[in-house]
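In case you want the letters, here they are:
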Amino acid sequence: MIRIAIANQKGGVGKTTTAINLATALAATGFRVLLIDFDPQGNASTGLGVARSARDKSIYQVLTGECELSDAAIATRVPRLDVVAATQDLAGAELELADLSDRTTRLDQAVGRAEARWDVCLIDCPPSLGLLTINALVAARSLLIPLQCEFFALEGMSQLLQTVERVRARFNPDLTILGVALTMYDRRNRLSEQVAADVRAVVGDLVFNTAVPRNVRLSEAPSHGLPALIYDHRCPGSEAYIALAREMIARLPMPAVAA
Ligand code: ADP
Ligand code: MG
């Protein structure tokens, strides 16, 4: 199973939008995909049309050992794409797990027990570097970092990379950085160009060639409970995510799957 965490401790940089639309693109390519909503705000769940009332089995119950990922997985309107939802309970999990000896590997263990059911597992992280994100980085083998094309984009990067180093050294030597995805890119704005150039100067080839443009269709789609790729598959945002998925697949050790 390919396991990818989508993380950046900043909020509002496009993690969830990226998670939903890459998951959809991968499912459309023929992979069986699981998206784990790992943010107590539950935006990925909402964006995939999972009502709050349908979240009685969520990632919180998986972490506490009350159920398995397979029991909590909910089929979405996208063929081959399942989601494990998040609820506000998840915010309490950091404290509840804090004293457990296996607190950093709870998610990794759960994902390990579900290996056979999905080809790809994407984890949409919360905007912090706390125990939840650590769990995601321990469960993942690859990390995808969305960066918003705005002035403070690179701020926080070194802290995130330090966290990755710590996780690698202590828990997960296999963790690699898959790439940095530029989001909310505005061609008409010199700042976007400048930020993209700065980011490329710092992290080099890790940056994907595809920058996701600022596109209102991407922000409208979640209110319909649909990935933008389904809501309007020809909008510039959708086209960018299709291109990004292609680049991502090329970087992964994945077997080709016929759609
Ligand atoms: P995060 O998960 O990092 O907090 P989100 O994916 O939820 O970020 O994005 C934050 C907000 O910006 C959301 O309202 C989302 O719809 C919007 N958004 C994300 N990417 C784009 C984009 N490329 N163009 C326009 N709006 C976007
Ligand atoms: Mg989010």
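About the cut-offs
Residues numbered from 1 in each chain as written. Chains lettered and ligands numbered in written order. Predicted model: local features only at pLDDT ≥ 70, side-chain atom pairs only at ≥ 80, totals over all residues. Heavy atoms only, no water. Buried < 20%, exposed > 50% of the residue type's maximum accessible area, 1.4 Å probe, protein only. Helix = DSSP H or I, 4+ residues; strand = E, 2+ residues; numbered from the N terminus. Arc of directions from axis to C-beta. Contact = heavy atoms within 4.5 Å. Pairing = 2+ DSSP bridges. Axes fitted to C-alpha atoms, helices over the stretch in contact; angles between N-to-C directions. Near = heavy atom within 4 Å. Polar contact = N/O pair within 3.5 Å; in protein donor to acceptor, adjacent residues only side chain to side chain. Areas by Shrake-Rupley, 256 points an atom, 1.4 Å probe, with all protein chains shown as cover. Nonpolar A, V, L, I, M, F, W, Y, C, P; charged D, E, K, R; others polar. Core = buried A, V, L, I, M, F, W, Y, C linked by side-chain atoms within 4.5 Å. Expected span 1.5 Å × (residues − 1).

Caption draft 1: Main features of helix H5 (residues 89–97). Every buried residue belonging to H5 is among Leu 90, Ala 93 and Leu 97, and all of these are buried. Along the axis of H5, the buried residues cluster in a sector spanning 20 degrees; they form a single face. Contacts made by the buried residues of H5 are with strand S2 (33–37), helix H3 (59–63), helix H6 (106–112) and helix H7 (131–139).

Caption draft 2: Fine view of the sheet that holds strand S1 (residues 2–6). Here seven strands make up an open sheet; going across it, the order is S3-S4-S2-S5-S1-S6-S7 and the pairing mixed. Looking at which strands have only one partner, the edges of the open sheet turn out to be strand S3 (73–75) and strand S7 (176–183). Adjacent strand axes in the sheet meet at a mean angle of 25 degrees, parallel and antiparallel pairs treated alike. Two elements, S1 and strand S5 (residues 120–124), share five bridges in a ladder whose sense is parallel. Directly across from Ile 4, in S5, lies its bridge partner Leu 122. Of the strands in this sheet, S1, strand S6 (142–148) and S7 touch helix H12 (residues 236–251), which is tilted by about 165 degrees from S7.

Caption draft 3: Summary view of the site of ligand 1. The environment of ligand 1 is formed by 14 residues, the closest being Gly 12, Thr 16, Thr 17, Pro 213 and Asn 215. Within the backbone of Gly 12, a nitrogen or oxygen atom sits 2.7 Å from an oxygen atom of ligand 1. About the coverage of ligand 1: the protein hides 79% of its 560 Å² of free accessible area. Looking at the shell around ligand 1, the elements that each hand over two or more residues are helix H1 (15–29) and helix H10 (216–220). Grouping the amino acids of the shell around ligand 1 by side-chain chemistry returns five nonpolar, seven polar and two charged.

Caption draft 4: Local environment of the nonpolar core. Among the nonpolar cores identified, the biggest contains 52 residues, and Ile 36, Phe 38, Ile 59, Leu 69, Leu 107 and Ile 123 are the most heavily contacted of them. It is H7 that provides the largest number of residues to this core, a total of seven residues. Non-local contacts of Ile 123, meaning those with residues more than four positions away in its chain, are made with Ile 4, Ala 5, Ile 6, Ile 36, Phe 38, Leu 107, Ala 136 and Ala 139. In terms of nonpolar packing, the next biggest core, distinct from the first, is built from 38 residues, Ala 27, Ala 85, Val 120 and Leu 218 among them.

Caption draft 5: Just helix H9 (residues 190–203), in detail. If you check H9, its first and last C-alpha atoms are 20 Å apart, about what 14 residues at 1.5 Å a residue would give, namely 20 Å. Taken together, the buried positions of H9 are Ser 192, Val 195, Ala 196, Val 199 and Val 203. The arc enclosing the buried residues of H9, seen along the axis, measures out at 100 degrees, which places them on a common side. Opposite its buried face, H9 presents the exposed residues Arg 190 and Ala 201, each directed more than 90 degrees away. Contacts made by the buried residues of H9 are with S6, helix H8 (157–170) and S7. Sitting at the amino-terminal end of H9 is Asn 189, which places a side-chain oxygen 2.8 Å from the backbone nitrogen of Leu 191. Phi turns positive, to about 60 degrees, at Gly 204, one or two residues after H9.

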